[in-house]
Amino acid sequence: MILDKIGIISCSGEECLGGTISRLAVRKMMEELKPGMVSTLCLPLFIAGDGGEREFAEKYPTIAVDGCSKCCAKRAIEKYSNKVAGSVDVAEIIGAEIALEKPLSTRNLTTEHMEYVKKTADKTCEIFDEILAKSV
Amino acid sequence: MSKIKVIPCSGIGKVFGLLARESALMVTQEKCPDDTETLCLAHVVTGDNEVVEKIKGETCITMDGCAKYCSKKSVEETGGIVVKSHKVPDFMKAHRGEEHGTGTYLTEDGWKYAEELAEIMVEEVKEIKAGVN
């Protein structure tokens, strides 16, 4: 089966920097790295939605992008929908201490933060390409 | 009184989620850091014990990006007391025709709108505090 879309769900956590990075990495995938090939959904809607949102990971192989080691997105996808096709933990990429720093407004992002976003998006992209290659 | 919880939805698909997130960060980090705090909605919806304990019976303000009201519903289900619930598009009337950005960034008009949303919540924080003290 050749896939036309791959799902990516970020935690977008509000309590730490990792959440901000997870969110921006998914947006980077959508807009720059894999435009038109990513399907996403808000994590709260995925869990609380009543319109079949939980079927998301059954329709699409889905990658979870989590901001901290609690891995809310991964756990929720696997609890309510299907096993994830891949997962990214921002804390493993940028270090747990940095990931747990205060969340940032997008207007306060530095080049260093944007480098974290790039690294997280690159890792997500790697998993994305592996899933795609397996589907051909 | 413990800090008032200000919880946005942080929706990822459209600019409304980012407006909710940025306005909540303005309130909790810049405008009322001593009286408010935010909690991770992902922790709330997954039932993280630590966050559930923090939210149960506590005064909350929610800012949602769409009519699904994920933040309001999830906070209520977790036992938080939502005293004020908002939806970003409800305040759009005075901003028709403006471009506010995307789920990734806000334009100058977007930041002004986020500021306005934050000020609405700041006034509510003051009212809540006045009612208690």
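Calculation criteria
Residues numbered from 1 in each chain as written. Chains lettered and ligands numbered in written order. Predicted model: local features only at pLDDT ≥ 70, side-chain atom pairs only at ≥ 80, totals over all residues. Helix = DSSP H or I, 4+ residues; strand = E, 2+ residues; numbered from the N terminus. Rg over C-alpha atoms; globule rule 2.2 N^0.38 Å. Buried ≥ 20, exposed ≤ 12 C-beta atoms within 10 Å, placed from the backbone. Contact = placed C-beta atoms within 7 Å. Pairing = 2+ DSSP bridges. Right-handed = clockwise from strand over helix to strand, strands pointing away. Axes fitted to C-alpha atoms, helices over the stretch in contact; angles between N-to-C directions. Left-handed = near helix turned anticlockwise from the far one by under 90°. Nonpolar A, V, L, I, M, F, W, Y, C, P; charged D, E, K, R; others polar.

The name given to chain B in an unreviewed UniProt entry is Zinc-binding protein, and the organism recorded there is Acetobacterium bakii.

Named according to an unreviewed UniProt entry, chain A is Zinc-binding protein originating from Acetobacterium bakii.

A. Representation of the overall build of chain A in the model. When helices and strands are tallied, chain A shows seven helices and four strands. Counting from the amino terminus, chain A carries its helices and strands in the arrangement β-α-β-α-α-β-α-β-α-α-α. Here chain A has a C-alpha radius of gyration of 14 Å; the compact-globule value for 136 residues is 14 Å, and the two agree. Oriented by its inertia axes, the alpha-carbon framework of chain A measures out at about 40 × 30 × 25 Å. Put simply, chain A has 136 residues, and 51% of those count as buried.

B. The overall build of chain B, seen in detail. In terms of regular secondary structure, chain B is built from five helices and four strands. Counting from the amino terminus, helix and strand elements in chain B follow one another as β-α-β-α-α-β-α-β-α. Rg of the C-alpha trace for chain B: 14 Å, near the compact-globule value of 14 Å for 133 residues, within the 12% margin. Look at the contacts in chain B between residues 6 or more apart in sequence, and 61% of them connect residues 24 or more apart.

C. Here's a closer look at helix H4 (residues 72-80) of chain A. Inspection of H4(A) places Cys72(A), Ala73(A), Lys74(A), Ala76(A) and Ile77(A) among the buried residues, and these make up the whole buried set. Buried-residue contacts for H4(A) involve strand E1 (6-10), helix H2 (43-48), helix H3 (56-59), strand E3 (62-66) and strand E4 (86-89) of chain A together with helix H2 (41-45) of chain B.

D. Representation of the pairing of strand E1 (residues 4-8) of chain B. Residues and elements named next belong to chain B. Buried residues dominate E1, accounting for five of its five residues. Every second residue of E1 is oriented toward a common face, with Ile4, Val6 and Pro8 on one face and Lys5 and Ile7 on the other, all of them buried. In this structure, E1 lies alongside strand E2 (residues 36-37), joined through two bridges in parallel fashion. Bridge assignment links isoleucine 4 to a residue of E2, and that residue is threonine 36. The parallel pair E1 and E2, bridged by helix H1 (residues 15-31), forms a crossover whose chirality is right-handed. Pairing analysis gives four bridges linking E1 to strand E3 (residues 59-64), with the strands arranged parallel. Its bridge partner being in E3, isoleucine 7 is matched across the sheet by threonine 62.

E. The packing of helix H1 (residues 17-33) of chain A against helix H7 (residues 111-135) of chain A, seen in detail. All names here are of chain A. Running from N to C, H1 and H7 point in directions that differ by 60°, and their axes come no closer than 8 Å. H1 and H7 meet at a crossing whose hand is right-handed. Residues Ile21, Ser22, Leu24, Ala25, Lys28, Met29 and Leu33 of H1 form the contact with H7, whose participating residues are Tyr116, Val117, Thr120, Ala121, Thr124 and Cys125. Residues of the contact of H1 with H7, tallied by class, amount to nine nonpolar, three polar and one charged.

F. Up close: unusual backbone geometry. With a phi angle near 50°, Cys71(A) is a residue other than glycine that sits in the positive phi range. Mapped onto the fold, Cys71(A) is located in the loop between E3 and H4. Residue Cys71(A) is classed as buried on the basis of its C-beta count, with 22 C-beta atoms lying within 10 Å. Here Tyr69(B), not a glycine, exhibits a phi torsion of approximately 50°, which is positive. Along the chain, Tyr69(B) turns up in the loop between E3 and helix H4 (70-78). You can call Tyr69(B) buried: it has 20 C-beta atoms within 10 Å.

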